[in-house]
Structure formats: C-alpha cells, structure tokens
Amino acid sequence: MNATRRKELNKLIEQLEDIKSQIENLQQEEQDAYDNLPESLQDSERGERMQEAADELENAASSVDEVIDYINNAIEQ
C-alpha cells in the first residue's frame, strides 16, 4: 500500500474514533437515564426499551472498533 492510501486510511481511523466516542457518550447518557428511573419504571416497557437502546449503542461502538481493527490490519499489509 502506498503512503497516500495509508494517509487516507489513517484519516478515516481518526474520524471513526471520533464517531465511536460520540456513540459511547450517547450510550452513557441513555444508560444514566435508565439508571435514574425509579425501579418500577425500569421494569416497564419504556425502561426495557431504554436499556435495549443503551445495549445496542454499546454494540455499535464495539462494531466501530472492529472496523478500525480491519483498517489497521490493511495498513500493516
């Protein structure tokens, strides 16, 4: 891989890391909102949806990590 493509891929990694950080911040906000609900509301449909959303955002951040790993592997080839 030439230096130009490596440079472009490193820029993409930086952007992906920023996106991952934003997702993690939103996930934490959703988790905090769920955690601050009274227990009776946590067990409600609304509470369950909030927890599921937080879990999915956590999965999304993890998936971004995987993409970054793939790009790093490509750079190293």
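Residues numbered from 1 in each chain as written. Predicted model: local features only at pLDDT ≥ 70, side-chain atom pairs only at ≥ 80, totals over all residues. Heavy atoms only, no water.

Caption draft 1: How the structure looks around helix H3 (residues 45-76). In this model H3 runs 47 Å from its N-terminal to its C-terminal C-alpha over 32 residues, within 8% of the 46 Å that 1.5 Å per residue would give. Buried residues of H3: Gly47, Met50, Gln51, Ala54, Ala61, Val64, Ile68, Ile71 and Ile75, and no others. Considering only its buried residues, H3 is in contact with helix H1 (3-35) and helix H2 (39-42). (Helix = DSSP H or I, 4+ residues; strand = E, 2+ residues; numbered from the N terminus. Expected span 1.5 Å × (residues − 1). Buried < 20%, exposed > 50% of the residue type's maximum accessible area, 1.4 Å probe, protein only. Contact = heavy atoms within 4.5 Å.)

Caption draft 2: Molecular detail of the pattern of salt bridges. For the structure shown, the criterion picks out 4 salt bridges. One salt bridge in this structure joins Lys11 and Glu8, with 3.6 Å as the shortest N-O distance. Of this pair, Lys11 and Glu8 are both found in helix H1, 3 residues apart, which corresponds to roughly one turn of the helix. Exposure remark for Lys11: the relative accessible area of 40% places this residue in the partly exposed category. (Salt bridge = Lys/Arg side-chain N within 4 Å of Asp/Glu carboxyl O.)

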